[in-house]
Amino acid sequence: MDLQTLTYLIVGATFALYIGIAIWARASTTGEFYVAGKGIHPVANGMATAADWMSAASFISMAGLIAFKGYDASVYLMGWTGGYVLLALLLAPYLRKFGKFTVPEFIGDRYYSQTARIVAVICLIVISITYVIGQMKGVGVAFGRFLEVDFEVGVMVGMTIVFIYAVLGGMKGITYTQIAQYVVLIFAYTVPAIFISLQLTGNPLPQLGLGSTVNDGSGMSMLAKLDSVLVDIGFAEYTAQKGTTLNMVLLTLSLMIGTAGLPHVIVRFFTVPKVKDARASAGWALVFIAILYTTAPAVGGMAIYNMIKTVQPGEVGSENLKYAERPDWFKNWEKTGLLKYEDKNGDGMIQYYNDKNKEYASKADSMGWKGNEMVKIDRDIMVLANPEIAKLPNWVIALVAAGGLAAALSTAAGLLLAIASAISHDLLKGIFRPDISEKQELMAGRIAMGGAILVAGYLGMNPPGFAAQVVALAFGLAASSLFPALMMGIFSKRINNTAAIAGMLSGLTSTLVYIFVFKGWFFIPGTANLANTPDNWFMGIQPESFGAVGALINFTVAIVVSRMTTPPPEHIQHLVEDIRVPRGSGGASGH
Amino acid sequence: MQPSATAYWKANLRLLAICLSVWFVVSYVFGIILVDVLNQFQIGGYPLGFWFAQQGSIYTFVILIFVYARQMNKLDREHDVHED
């Protein structure tokens, strides 16, 4: 069977499965719609959380980042997993004990302030919309390349599927669908990795394969081989550190705190029956996430190795791959514009090397190379092209397409639910129309979900130019605004409404300003005050790493302000004492 | 706060401090700050510091959460604050 038919079959089968689950798991109460009736088993919730968390970025982009950054990409691996330790230890059990439906609801109640709740809603919506744009783009790319339909059609099909199960099932439908999506995506990620690891090293476990001996008779380990292959074409060693230690520490910390502060992840721990389950569930979530995250370094490393070996089959200086004889995957990705070749020295062959390395220039010159000829390699194609580069069977390639879609759709659904609940539960029921019935609120939730899907679809088709940059913004915002407010709400009885709001606003503003100064105000090109270079950065801190500093500012301001103002009222102090102990969680409700 | 609840919270904070120290050491210290020192050693074909940054820290995080959950369940019962 040809690749396209196979892809249609596999993707079609997974979509049919998701819709089947949606019809089976319809939500009939607000409790089911917002938090799946708080009846999800911790292992099942862990799996759903993993699918919710692992987005198109984890599935498609991360291994590409690792492939081109090597050791420096460790910040993403540690940052996006270490956040779960913070979540499990500092937030999840207590927020589950609190027992309400949304993150802004906790902030509003704990700080006895509608203003605090509205600030939290705004942070939540900005963070979630930013994220969802990326997912829609991922859906469009996967459809465009593998099913050869237009990008817009791809986005529309994706929107329709999410619409069916998210609007019908709410959190309940989303959770069960995410469990299925996790299975699809992890299978799609690990199967090609196992094949490639076997091909290159004979070791079926990619986690071990990356350290095993390469099958090319050199006797070198995969990583040592990668170091030497990259150095041979003028790049730095794969395992060497390129960025500064300070930025690596701060970026890892920002990603960890940001992860723990993401509302659509936190809300997943509201769905389990007990406080005990919330602790264990975070562990299970990380187990399921770790399966992908510990495979990713092998996927990235082996992908870049295979790609270089395709272009440069022999020693450097011997013949390179002729452009006329380039493989099919090369041609296919050229069509999408994500891969570009330019014959700079007119020899009809493809040279890939680091033409920015001045010390390498004379060597390149002596071989008649006139610059790097693979002028564009989009990092995102590495995972998707990987099975084709390694010449794996067609069904594996089709599976990767289904996996990419599962990753994007599961995350999009979780984000859309977070947005819909913030609108129907926090704004409508909580602030503007407290008297609406449960039935009306459920209807409002479904309408808000439908609206959010339309907005996300529109932005997915017309992505603002800054789509890629705002991911840093989302983590920075979550780290500098929500996480400190949540943590202090649990661990300090002294922080009052004024202190929390002052903290959130100062953390938020300082992070936003720092990012805008270097990246342009609201990301409008040409409005940056300073060039985004290390000399201009405050203490050498890059804008992406600033979330951790913003969080520190938030903590400091809140603590100082709280010492100058009166402590929270008695009943709030009791509330804090109450969420610190597990007993009594069963009777909690959303009202 | 009742005395038992205060003792429970103190014990929790102590456990948190231990777990977060481990969390910090495997990722920030072994994976980033001391990476060059540890890279002089090898584990399974990986330079050790690199292994902590891309594999070891993640395995430790998983174990850490389960250890914390288990210890907390024990504390809950010891201080009689567990769920029914």
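Residues numbered from 1 in each chain as written. Chains lettered and ligands numbered in written order. Predicted model: local features only at pLDDT ≥ 70, side-chain atom pairs only at ≥ 80, totals over all residues.

Caption draft 1: View of the overall build of chain A. Counting secondary structure elements, chain A contains 22 helices and two strands. Since a compact globule built from 591 residues should have a radius of gyration of about 25 Å, the 25 Å found for chain A is in line with a globular shape. When the backbone C-alpha atoms are referred to their principal axes, chain A occupies close to 80 × 55 × 45 Å. A buried classification covers 59% of the 591 residues belonging to chain A. Taking as baseline every contact in chain A between residues at least 6 positions apart, the subset at least 24 positions apart corresponds to 81%. (Helix = DSSP H or I, 4+ residues; strand = E, 2+ residues; numbered from the N terminus. Rg over C-alpha atoms; globule rule 2.2 N^0.38 Å. Buried ≥ 20, exposed ≤ 12 C-beta atoms within 10 Å, placed from the backbone. Contact = placed C-beta atoms within 7 Å.)

Caption draft 2: A look at the overall build of chain B. A count of helices and strands for chain B gives three helices and two strands. Relative to its length of 84 residues, chain B is extended, with a C-alpha radius of gyration of 17 Å against a globular reference of 12 Å. Projecting the C-alpha coordinates of chain B onto the three principal axes gives extents of approximately 50 × 20 × 15 Å. Taken across its 84 residues, chain B has 39% of its residues classed as buried. Pairs at least 24 apart in sequence give 51% of the contacts found in chain B among residues at least 6 apart.

Caption draft 3: Spatial organisation of the domain arrangement of chain A. Residue and element names in this part refer to chain A. Its domain assignment divides chain A into domain 1 (3-306 + 392-469) and domain 2 (323-388). The gap between the C-alpha centroids of domain 1 and domain 2 is 31 Å. Contact residues are listed per partner, giving 23 residues for domain 1 and 14 residues for domain 2. Elements with a minimum of two residues in the side of domain 1 that touches domain 2: helix 4 (56-69), helix 7 (114-146), helix 8 (151-201), helix 13 (275-311) and helix 17 (394-432). It is helix 4 that provides the largest number of residues to the side of domain 1 that touches domain 2, a total of eight residues. Split by residue class, the side of domain 1 that touches domain 2 holds 16 nonpolar, six polar and one charged. (Domains from an automatic or database assignment. Nonpolar A, V, L, I, M, F, W, Y, C, P; charged D, E, K, R; others polar.)

Caption draft 4: Looking closely at the environment of Leu168 of chain A. Residues and elements named next belong to chain A. Inspection of the secondary structure puts Leu168 in helix 8. In sequence terms Leu168 and Glu544 are 376 residues apart; their C-alpha atoms lie 37 Å from each other. Apart from the residues within four sequence positions on either side, Leu168 is in contact with Ala22, Arg26 and Gly173.

Caption draft 5: Just the interface of chain A and chain B, in detail. Taken together, the 43 residues of chain A in the interface contact 38 residues of chain B. For the side of chain A that touches chain B, the secondary structure elements donating two or more residues are helix 5 (74-98), helix 9 (206-209), helix 10 (222-232), helix 11 (245-260), helix 13 and helix 22 (570-580) of chain A. Considering each element in turn, the side of chain A that touches chain B owes the most residues, twelve residues, to helix 13 of chain A. Of the residues in the side of chain A that touches chain B, the class split is 22 nonpolar, 15 polar and six charged.

Caption draft 6: Local environment of helix 7 of chain A. Taking 1.5 Å of rise per residue, the 33 residues of helix 7 of chain A would be expected to cover 48 Å, and the 48 Å separating its terminal C-alpha atoms lies within 8% of that figure. Of all 33 residues that make up helix 7 of chain A, 25 are buried, and the element is covered over most of its length. (Expected span 1.5 Å × (residues − 1).)

Caption draft 7: Region of the structure containing the packing of helix 5 of chain A against helix 1 (residues 3-33) of chain B. Across the interface, helix 5 of chain A lies against helix 1 of chain B with an axial gap of 11 Å and an inter-helix angle of 180°. Judged on the interaxial angle alone, helix 1 of chain B and helix 5 of chain A are roughly antiparallel. Of the residues in helix 1 of chain B, those touching helix 5 of chain A at Ser74, Met78, Gly82, Val85 and Leu89 of chain A are Leu16, Cys19, Leu20, Trp23, Ser27 and Gly31 of chain B. Along the lines of polarity and charge, the residues of the contact of helix 5 of chain A with helix 1 of chain B split into seven nonpolar, four polar and no charged. (Axes fitted to C-alpha atoms, helices over the stretch in contact; angles between N-to-C directions. Parallel < 35°, antiparallel > 145°, perpendicular 65-115°, else oblique.)

Caption draft 8: How the structure looks around helix 11 of chain A. Residue and element names in this part refer to chain A. The terminal C-alpha atoms of helix 11 lie 23 Å apart, and with 16 residues this matches the ideal 22 Å at 1.5 Å per residue to within 8%. The buried fraction of helix 11 amounts to twelve of the 16 residues, a majority that puts the element mostly inside the structure. When helix 11 is considered as a whole, its buried residues turn out to be Met248, Leu250, Leu251, Thr252, Leu253, Ser254, Leu255, Met256, Ile257, Gly258, Thr259 and Ala260.

Caption draft 9: Structural context of the packing of helix 4 of chain A against helix 7 of chain A. Residue and element names in this part refer to chain A. Packing of helix 4 against helix 7 brings their axes to within 10 Å, and their N-to-C directions diverge by 70°. Relative to helix 7, helix 4 is oriented roughly perpendicular. Crossing angle aside, the handedness with which helix 4 passes helix 7 is left-handed. Across from Ala56, Ala57 and Ile60 in helix 4, the residues of helix 7 making contact are Gly134, Gln135 and Gly138. (Left-handed = near helix turned anticlockwise from the far one by under 90°.)

Caption draft 10: Representation of the confidence of the model for chain A. On average, chain A scores 89 in pLDDT, and the residues at 70 or more come to 97%. Contacts from residues 587-591 of chain A, a stretch scored under 50 in pLDDT, to residues over four places away or in other chains number seven contacts. (pLDDT = per-residue confidence, 0-100.)

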